[in-house]
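Per-entry structural report
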Amino acid sequence: MARHRPELLTVTPPILERSGFENIDRALALSGPVMCRDWLLARFQEGLQLRMLRAPDQGFIAFTPGRSAWTPIDGAGDAVVVHDLRAGPQSMGPATVRRLWAAVEDWARFYGFAAVLAQSGPALGLIPPEFVTGRGYHCLDRTEGNTRLMGKILHGPISLPRLPQDWTRRAACLGPGLVIQSTGLSVQLEARAQSLLDRARKAGLAARHDRLETAHAARTRSVSPVALFSVVLDGAVIPSDGLSEMQIWSAIRRRSGPGDI
């Protein structure tokens, strides 16, 4: 009797290279940063789960228990948090995307989690709204940047998770000078961080790199809903999503005092 072939491939460290995931990750880089291999392997040790569509479809979903999520959400300990969801142009059909969500929900139910959560919005690193709506998910909270916390309650009652609202306080806590905050998820973003820091130091501006090394740090210290890459100058965030390195540097120069640079 022929075995049933699962619709999705469960990607684990032993099969990471031969699974083709890294090729799919690069192919879908426009909708999310290419993940650093070492960062990804470390997250597997924390409980990260990765499901990938089989060829010819292109897409994957990455999720983790709320206690080890790198996403700033309060009260997510009883939930599963979707970290990343991407699909290629030929794989964006409702039925195909539904298979990815179903994989998360089935896993969450099997292990007794009460809800599935996802941050949705227009910024890089958030789940695109069109991938979430119409699947039984409801907006549980909102925060800056048109970021919404979407959730599906699998069983209850539970205390509803919330998004942080103290972004201004978090940024102010970083103190004076230029601070680039990042997680190490993306080689490209880490290179951009280092280049901006080098530019600032050569220009005589105090600058430092605030690396969020743990999931707890990402949840509690990130200055934006997307704990990937943030630019903070004298305790205030400089918007950087969608900007090139030169555009970010120009914004830093404009915001610095005449005697600083």
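In what follows, the accompanying structure is described.

Another aspect to go through is the overall build of the protein chain. For the protein chain, the helix and strand inventory stands at eight helices and eleven strands. At 19 Å, the protein chain has a C-alpha radius of gyration in line with the 18 Å of a compact globule built from 261 residues. For the protein chain, the C-alpha atoms occupy an extent of roughly 75 × 40 × 30 Å along the three principal directions. Across the protein chain, the fraction of contacts at a sequence separation of at least 24, relative to all contacts at a separation of at least 6, is 65%. Summed over all atoms, the accessible surface of the protein chain reaches about 12,400 Å², with 53% contributed by carbon and sulfur. Of the charged side chains in the protein chain, 31 are positive and 24 negative, and the gap between their average positions amounts to 2 Å.

Glancing now at unusual backbone geometry. Here the amide bond leading from A55 into P56 is cis, since omega sits at 10 degrees, within 30 degrees of zero. Mapped onto the fold, P56 is located in the loop between β2 (49–53) and β3 (59–65). With omega at 0 degrees, the peptide bond leading from G156 into P157 counts as cis. Topologically, P157 is positioned in the loop between β7 (147–153) and α5 (167–172). For N146, which is not a glycine, the phi torsion comes out positive at approximately 55 degrees. Relative to the elements of secondary structure, N146 occurs in the loop between β6 (138–143) and β7.

Our next topic: the pattern of salt bridges. One pass over the structure, following the stated rule, counts 15 salt bridges. Between R37 and E22 there is a salt bridge, and its shortest N-O distance comes to 3.7 Å. Separated by 15 residues along the polypeptide, R37 in helix α3 (residues 37–46) and E22 in helix α2 (residues 21–27) bring together distant segments of the chain. By relative accessible area, which is 32% here, R37 ends up partly exposed. According to the relative accessible area criterion, E22 is partly exposed, its value standing at 23%. The shortest N-O distance in the salt bridge between D25 and R86 comes to 2.9 Å. Here the residue D25 occupies a position in helix α2, and R86 occupies one in strand β4 (residues 79–87), the gap between them amounting to 61 residues. Of the two residues, D25 and R86, neither departs from the other in class, the shared state being buried. Salt bridges here are not isolated pairs; linked through shared partners, they connect E7, D57 and R99.

Of the voids in this model, the largest pocket is the one considered here, and its volume is about 590 Å³. If you go around the largest pocket, you meet 23 residues; those closest to its centre are A123, F229, S240, D241 and G242. Counting residues per element, the ones that place at least two in the lining of the largest pocket are α6 (187–202), β10 (229–233) and β11 (236–238). Residues of the lining of the largest pocket, tallied by class, amount to twelve nonpolar, eight polar and three charged.

With that settled, consider the sheet that holds strand β9 (residues 207–211). Across the sheet, which stays open at both edges, the four strands sit in the order β9-β8-β10-β11 with mixed pairing between neighbours. One side of each edge strand has no neighbouring strand; the edge strands of this open sheet are β9 and β11. The mean inter-strand angle of the sheet, taken between neighbouring strand axes irrespective of direction, is 30 degrees. As paired strands, β10 and β11 are joined by three bridges and run antiparallel to one another. When the sheet's bridge partners are listed, V232 is paired in β11 with V237.

Turning our eyes to something else, we now look at the pairing of strand β5 (residues 115–120). For β5, the tally of buried residues reaches six of six residues, placing the bulk of the element in the interior. Here β5 shows no split at all, with A115, L117 and Q119 on one side and V116, A118 and S120 on the other all buried. Note: β4 against β5, four bridges, orientation parallel. From the neighbouring strand, V82 faces β5, where its bridge partner is A118. In this region the chain leaves β4, passes through helix α4 (residues 94–110) and returns to the parallel neighbour β5; the handedness of that crossover is right-handed. As judged from the six bridges shared by β5 and β7, these two strands associate in the antiparallel manner. By the bridge assignment for β7, V116 is matched with K152.

Cut-off values and rules
- Residues numbered from 1 in each chain as written.
- Predicted model: local features only at pLDDT ≥ 70, side-chain atom pairs only at ≥ 80, totals over all residues.
- Heavy atoms only, no water.
- Helix = DSSP H or I, 4+ residues; strand = E, 2+ residues; numbered from the N terminus.
- Rg over C-alpha atoms; globule rule 2.2 N^0.38 Å.
- Contact = heavy atoms within 4.5 Å.
- Areas by Shrake-Rupley, 256 points an atom, 1.4 Å probe, with all protein chains shown as cover.
- Lys, Arg positive; Asp, Glu negative; His and termini not counted.
- Charge placed at Lys NZ, Arg CZ, Asp CG, Glu CD.
- Salt bridge = Lys/Arg side-chain N within 4 Å of Asp/Glu carboxyl O.
- Buried < 20%, exposed > 50% of the residue type's maximum accessible area, 1.4 Å probe, protein only.
- 1 Å grid on protein atoms, 1.4 Å probe; cavity = no way out; pocket = protein on both sides within 12 Å on 5 of 7 lines; lining within 4 Å.
- Points joined across faces, edges and corners; volume = space filled by probe spheres on them.
- Nonpolar A, V, L, I, M, F, W, Y, C, P; charged D, E, K, R; others polar.
- Pairing = 2+ DSSP bridges.
- Axes fitted to C-alpha atoms, helices over the stretch in contact; angles between N-to-C directions.
- Right-handed = clockwise from strand over helix to strand, strands pointing away.

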